Amino acid sequence: MSAAQETFASDLSAWLGARSFEDWRAQFDRDGYLIFPNVLTADQLDEVKTALAPWLAQNIRGRNEFEGRESNRVYAMLAKSSVFADLVTHPLALAFVEADLGRECLLSACLAINLHPGETAQPWHFDDSHYQWPRPRPSLGVSTFWTITDTTETNGATEILPGSHLWPEDHIEGAIAEEDFSKTAKREGDPGARPDAMKAVMPAGSLMIAKGTLWHRGGANVSNENRLIITPQYCPGWTRTLENMALAVPPYVAQTLPPRAQELLGYSIYPPFMGYVDGRHPKRLFERD
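Here goes a summary of the coordinates provided. What you are looking at is a predicted structure, and each value in this text was computed from that prediction instead of being measured.

With that settled, the discussion passes to helix α3 (residues 42–56). Look at α3: 20 Å from first C-alpha to last across 15 residues, which is about the 21 Å you get at 1.5 Å a residue. For α3, the complete set of buried residues consists of Leu45, Val48, Ala51, Leu52 and Leu56. Where α3 is buried, its residues touch β2 (71–74), α4 (85–88), β3 (106–115), β4 (142–147) and β9 (227–235).

Structure follows, in structure tokens:
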């Protein structure tokens with residue numbers, strides 16, 4: 001093992017425990033997801049909640065069945081507070097993201113999802129479906145799920161289908177459909193209920209990492225409490241991001257963020273020169289101010 005690899009392993013040992021990174025990654029490739037409980041401290045959680053509070057206070061509800069009519073979604077998060085950059089660039093998350101997608105990966109989306117009591121189960125979906133490449137295939141994304149509150153059996157914990165990242169199906173019963181983006185159409189009952197679904201029950205401050213091809217959905221919130229997560233999602237550096245980060249996070253804001261966050265927003269180059277601006281590295285834009 002090289003000195004760099006030893007440093008890397010040491011930095012992650014608090015979360016990986018006695019198992020090697022390679023062992024964890026083999027599990028990730030087999031199951032399509034990993035869960036690490038209690039990654040964030042209480043102080044870190046308080047900082048995130050404080051930064052998010054004014055945006056949740058607007059209580060803007062979802063526009064359709066996919067967003068969730070009893071949910072709040074907060075987008076363009078790195079434009080709202082640099083606190084969220086700590087989640088986006090967290091070394092544990094990025095270790096698995098970069099192992100799958102390469103060091104030149106990009107932040108494809110980053111949003112908070114707050115499920116209110118009474119929210120129904122989301123349609124089944126996989127996060128890199130927008131690329132419209134037939135399955136089975138390698139994942140073209142990695143999604144991370146940070147629990148800001150506990151996720152429980154009753155408050156809408158994310159439901160996953162373990163191993164489904166390897167399935168050939170592009171559609172399953174209860175999967176997302178065009179009408180799920182309608183402002184008026186509503187689903188009746190829960191057509192996606194399955195006995196093989198697993199609820200990702202985690203204490204606040206935990207991290208779930210999932211392959212972009214893993215079938216999952218937000219659960220129904222039948223409790224009397226909100227369920228809050230933040231989900232940074234990543235893609236290879238040669239693909240288009242879900243959220244247009246160049247517009248979502250203006251350059252004057254991006255300039256204040258940590259260097260790795262800047263790279264993930266697109267202030268980086270995918271070799272040999274994809275991503276240049278006026279023939280130059282995009283970070284040179286910051287030198288003009």
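With six of its six residues buried, β4 lies for the most part within the structure. Here β4 shows a buried face lined by Val142, Thr144 and Trp146 and a second buried face lined by Ser143, Phe145 and Thr147. By the bridge criterion, five bridges tie β4 to strand β7 (residues 207–211) in an arrangement that is antiparallel. Within the sheet, the bridge partner assigned to serine 143 lies in β7 and is alanine 210. As paired strands, β4 and β9 are joined by four bridges and run antiparallel to one another. Along β9, the bridge assignment pairs valine 142 with tyrosine 234.

Moving on: the side chain of serine 164. Checked against the element boundaries, serine 164 lands in the loop between β5 (159–160) and β6 (198–199). A residue is classified by how much of its surface remains accessible, and serine 164, at 0% relative accessible area, is buried. Aside from chain neighbours lying at most four places away, what touches serine 164 is Arg135, Thr213, Leu214 and Trp215.

The subject of this paragraph is the environment of aspartate 180. Mapped onto the secondary structure, aspartate 180 falls in the loop between β5 and β6. Separated by 62 residues in the primary sequence, aspartate 180 and leucine 242 have C-alpha atoms spaced 18 Å apart. Once you skip the residues sitting within four places of it in the chain, aspartate 180 turns out to touch Asn64, Glu65, Phe66, Pro123, Ala175 and Arg187. A distance of 2.7 Å separates a polar atom in the side chain of aspartate 180 from the backbone nitrogen of alanine 177.

It is worth spelling out the pattern of salt bridges at this point. For the coordinates displayed, the defined rule picks out 18 salt bridges. The closest approach of N and O atoms between lysine 283 and glutamate 263, which form a salt bridge, is 3.8 Å. Placement of lysine 283 in the segment after α8 (259–265) and of glutamate 263 in helix α8 is noted, with a sequence separation of 20 residues between them. What emerges from the salt-bridge pattern is a single network uniting Glu98, Arg103, Arg260, Glu263 and Lys283.

What counts, and where the lines are drawn
- Position labels on residues start from 1 in each chain and follow its written sequence.
- Local features in this predicted model are restricted to residues whose pLDDT is 70 or higher, and side-chain atom pairs enter the listing and the counts only when it is 80 or higher, whereas totals over whole chains, interfaces and linings include all residues.
- Hydrogens and water molecules were not included; the side-chain quantities draw on all heavy atoms of the structure.
- Each helix corresponds to a stretch of at least 4 residues labelled H or I by DSSP, and each strand to a stretch of at least 2 residues labelled E; elements are numbered beginning at the N terminus.
- A helix is expected to span 1.5 Å for every residue after the first.
- A simple rule labels every residue: compare its accessible area, found with a 1.4 Å probe on the protein chains alone, to the largest value its type can have, and call it buried under 20%, exposed over 50%, or partly exposed in between.
- In this description, contact between two residues means that some pair of their heavy atoms is separated by no more than 4.5 Å.
- Here the rule is simple: two strands pair whenever DSSP picks up at least two bridges between them.
- Between N or O atoms, a polar contact is any pair within 3.5 Å; within protein, one atom must be a potential hydrogen donor and the other a potential acceptor, and residues adjacent in sequence are included only when both atoms are from side chains.
- Here, a salt bridge means any Lys or Arg side-chain nitrogen found within 4 Å of an Asp or Glu carboxyl oxygen.

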